[in-house]
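Each chain is listed here by its residues.
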Amino acid sequence: MNNTYKIKSGENYTLDSMAYRLTEAKIQPNNSNNELDIKEQVVRIDIEESLFNPIVQVQLLIVDTTSMLEKYKINGGERISIIVDRKPPPTAKTSFDIQKDGEYEKWEYKFIVSEIYNVVRNDPNKQFFTIRAMPEEFFHNASKVLDRAFTGSPAQIVSKIIKSDLKSTKYNVNIDSKGTVSGIFPRVRPIKAITWLSRSSFDNGTPFFFYASSREGVQYTSYDKLLKNKDKPFATYVFKPFFEEKDDAVYEEKLYRVRSLSSPLNIGKAANMLLGVYASNMHVVDTSTKSYLKFNYKHNNDKMQTLNKFKAYNQPKGIDALNEMASARTMYMSKNEMSYTEADNLYGPSGAAYLKSVSYRNGLSYIKHFLQVDGNFNLQPGMIIKLDVQRVGDRKQVEEDADQAQNMMRDELMTGNYIITEIKSRFNDDGFTMSLTVQSDSSAIDLNIA
């Protein structure tokens with residue numbers, strides 16, 4: 001792998017938004033205190049992080065000419081450290097460079113080898129293999145189960161698991177979850193326990209997400225907090241169908257340009273009805289008091305926190321109002337109100353709040369896009385970006401009419417705010433690139449206006 005992609009020798013900064021430097025790649029064998037420098041053996045680095053996954057995954061493609069697996073007894077559990085960086089031009093407006101002095105952007109990773117696979121030998125002098133590495137939390141999660149009692153707010157309990165059981169050193173826990181719950185963990189692993197608790201965690205009516213960021217570590221935060229910057233998105237990414245590459249394009253123009261866009265869209269009312277996006281109901285039976293309650297949920301966009309101004313659906317003709325069809329999805333819950341005297345059991349805070357949480361989570365499936373962009377050290381899951389998509393048109397006409405090319409109108413359905421739900425970063429000889437999955441729960445335009 002070219003360890004200094006498009007960073008010229010002797011220069012401190014780059015003008016290319018796909019540039020990077022692999023400044024460190026080391027592995028420490030389990031039977032030695034010495035680290036091996038494998039920087040020259042790394043062919044490719046892939047990093048995956050997701051809003052729906054609390055573990056960041058790293059894969060290294062290695063070229064081996066010295067039988068390092070056999071020589072150093074590499075067989076899993078080894079510690080790996082990686083540093084990748086670059087220095088944008090002094091004029092670049094990045095969050096790392098507020099003073100415009102060309103400060104380095106850097107990712108620094110410390111992982112443990114979890115798997116070695118895909119060994120390929122098609123040359124007698126070398127072999128290729130792939131190392132999959134995970135953060136230390138993954139190994140602590142695999143080594144223990146929780147069977148103790150718990151009491152407190154969901155956020156307090158989660159914070160204890162992250163610090164004491166997963167032994168995280170880099171994390172952020174939103175402490176705004178309401179209510180006090182008690183229970184006993186039924187022999188579940190720490191990550192499963194946190195996922196279990198998150199179902200009963202709500203902040204201002206919104207659900208919690210448990211995920212990991214390569215920059216910020218383990219995150220446990222609410223949709224309410226993720227949306228706090230929706231009026232000031234991190235950046236605007238522009239997609240122009242007839243964009244032509246220009247060598248003299250400025251750094252920021254390249255950095256926030258969408259090279260390609262594909263989308264399953266996922267626009268489908270019938271599927272969303274079954275998912276409880278528009279309406280749902282819940283039957284709750286309390287075994288201790290022999291009581292029965294029924295909750296109905298009705299989507300009301302005015303009372304929801306969304307990425308964009310308008311709701312993500314309009315009403316089909318000849319069909320009952322979508323947000324009145326509570327029977328579209330039915331859920332059941334069993335409680336034991338008298339199991340604890342000073343706190344609810346785990347599902348105590350649920351009921352109507354749980355139905356709204358389901359609507360929030362599944363509502364993110366309204367529109368989904370897959371974007372190919374240049375690598376950006378600042379991006380992480382949970383960030384909000386604005387997507388500016390221009391309409392498709394007749395290419396020949398646009399090429400012949402400069403004014404039309406300049407004033408091509410936006411595709412208002414595709415344009416708007418999106419939350420980043422997945423990032424796949426790749427470093428190789430082609431540069432630093434990213435595949436982004438972005439999703440939205442709402443529309444930037446009123447779908448009821450013709």
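Up top is the structure.
Keep in mind it's a predicted model, so treat the numbers as computed, not measured. (Residues numbered from 1 in each chain as written. Predicted model: local features only at pLDDT ≥ 70, side-chain atom pairs only at ≥ 80, totals over all residues. Heavy atoms only, no water.)

With respect to the nonpolar core
Reasoning step 1: Counting 54 residues, the largest nonpolar core has Ile45, Ile82 and Tyr237 as the members making the most contacts within it.
Reasoning step 2: Membership of the second largest hydrophobic core comes to 22 residues, among which are Ile55, Leu146, Val158 and Ile191. (Core = buried A, V, L, I, M, F, W, Y, C linked by side-chain atoms within 4.5 Å. Buried < 20%, exposed > 50% of the residue type's maximum accessible area, 1.4 Å probe, protein only.)

Description of unusual backbone geometry
Reasoning step 1: Positive phi outside glycine occurs at serine 67, with the angle close to 55°.
Reasoning step 2: Mapping serine 67 onto the fold places it in the loop between strand E5 (53-64) and helix H1 (68-71).
Reasoning step 3: Positive phi, close to 55°, is recorded for lysine 290, a residue that is not glycine.
Reasoning step 4: Mapped onto the fold, lysine 290 is located in the loop between strand E17 (279-286) and strand E18 (291-298). (Helix = DSSP H or I, 4+ residues; strand = E, 2+ residues; numbered from the N terminus.)

Section: the pattern of salt bridges
Reasoning step 1: Applying the stated rule across the entire model yields 16 salt bridges.
Reasoning step 2: Here arginine 44 and aspartate 46 are joined by a salt bridge, their closest N and O atoms 3.0 Å apart.
Reasoning step 3: Judged by its relative accessible area of 26%, arginine 44 falls in the partly exposed class.
Reasoning step 4: Aspartate 147 is the partner of arginine 187 in a salt bridge, and the nearest nitrogen-oxygen pair spans 3.5 Å. Of the two residues, arginine 187 sits in the loop between strand E11 (181-184) and helix H4 (190-198) while aspartate 147 sits in the loop between helix H2 (136-142) and strand E9 (149-152), which places them 40 residues apart along the sequence.
Reasoning step 5: Aspartate 147 sits in the partly exposed class, given a relative accessible area of 47%.
Reasoning step 6: One salt-bridge network, held together by shared partners, links Arg44, Asp46 and Arg426. (Salt bridge = Lys/Arg side-chain N within 4 Å of Asp/Glu carboxyl O.)

Quick notes on the environment of valine 258
Reasoning step 1: Counting through the fold element by element, valine 258 comes out in strand E16 (residues 258-262).
Reasoning step 2: Take valine 258: its relative accessible area is 4%, and that puts it in the buried class.
Reasoning step 3: On a C-alpha basis, the gap between valine 258 and aspartate 388 in space is 9.4 Å, while along the polypeptide they are 130 residues apart.
Reasoning step 4: If sequence neighbours within four positions are ignored, valine 258 has contacts with Tyr237, Val238, Phe239, Leu371, Gln372, Val373 and Leu387. (Contact = heavy atoms within 4.5 Å.)

Considerations on empty space enclosed by the protein
Reasoning step 1: Here the structure, examined in full by the defined rule, presents 2 cavities of 30 Å³ or more.
Reasoning step 2: By volume, the largest cavity is sized at about 150 Å³.
Reasoning step 3: If you trace the largest cavity, you find 17 residues lining it, with Val277, His299, Ala312, Gly363 and Asp441 closest to the centre.
Reasoning step 4: Of the residues forming the lining of the largest cavity, the biggest block, 4 residues, is contributed by helix H8 (residues 352-363).
Reasoning step 5: Of the volumes computed, that of the second largest cavity is approximately 50 Å³.
Reasoning step 6: Considering the residues around the second largest cavity, the lining is formed by Asn308, Tyr366, Ile367, Leu413, Met414, Thr415, Gly416, Tyr418, Ser440, Ser442, Ser443 and Ala444. (1 Å grid on protein atoms, 1.4 Å probe; cavity = no way out; pocket = protein on both sides within 12 Å on 5 of 7 lines; lining within 4 Å. Points joined across faces, edges and corners; volume = space filled by probe spheres on them.)

Observations concerning H8
Reasoning step 1: Given a rise of 1.5 Å per residue, 12 residues ought to cover 16 Å, and the 17 Å separating the end C-alpha atoms of H8 matches this to within 8%.
Reasoning step 2: Among the residues of H8, Leu355, Ser357, Val358, Ser359, Tyr360, Asn362 and Gly363 are the ones counted as buried. (Expected span 1.5 Å × (residues − 1).)

Focus on the layout of surface pockets
A water-sized probe rolled over the atoms picks out the places where empty space is left.
Reasoning step 1: In this structure, the largest pocket spans a volume of roughly 560 Å³.
Reasoning step 2: Residue lining of the largest pocket: 24 residues in total, with Lys110, Pro135, Glu137, Thr169 and Lys170 positioned closest to the centre.
Reasoning step 3: Listed by contribution, the elements that provide at least two residues to the lining of the largest pocket are E5, strand E7 (105-123), H2, strand E13 (206-213) and strand E14 (217-222).
Reasoning step 4: Top contributing element to the lining of the largest pocket by residue count: E7, with 7 residues.
Reasoning step 5: Residues of the lining of the largest pocket, tallied by class, amount to 9 nonpolar, 5 polar and 10 charged. (Nonpolar A, V, L, I, M, F, W, Y, C, P; charged D, E, K, R; others polar.)

A short note on the packing of helix H3 (residues 154-165) against H4
Reasoning step 1: Across the interface, H3 lies against H4 with an axial gap of 10 Å and an inter-helix angle of 170°. Compared by their axis directions, H3 and H4 come out roughly antiparallel. Contacts between H3 and H4 pair Ile157, Val158, Ile161, Ile162 and Asp165 from the former with Pro190, Ala193, Ile194 and Leu197 from the latter.
Reasoning step 2: Residues of the contact of H3 with H4, tallied by class, amount to 8 nonpolar, no polar and 1 charged. (Axes fitted to C-alpha atoms, helices over the stretch in contact; angles between N-to-C directions. Parallel < 35°, antiparallel > 145°, perpendicular 65-115°, else oblique.)

Section: the sheet that holds E18
Reasoning step 1: One open sheet holds the 3 strands; their spatial order is E18-E17-E19, and the pairing between them is mixed. What marks the edges here is a single partner per strand, and that holds for E18 and strand E19 (330-335). Between one strand axis and the next, the sheet turns through 20° on average, direction left out of account.
Reasoning step 2: Strand contacts of H8: E17, E18 and E19, with the helix running at about 35° to E18, the strand carrying the most contacts. (Pairing = 2+ DSSP bridges.)

As for H3
Reasoning step 1: Given a rise of 1.5 Å per residue, 12 residues ought to cover 16 Å, and the 16 Å separating the end C-alpha atoms of H3 matches this to within 8%.
Reasoning step 2: Taken together, the buried positions of H3 are Pro154, Ala155, Ile157, Val158, Ser159, Ile161, Ile162 and Asp165.
Reasoning step 3: Directly after H3, the chain includes lysine 167, whose backbone phi takes a positive value near 55°.

Everything listed is a geometric property; what it means functionally is a separate question.
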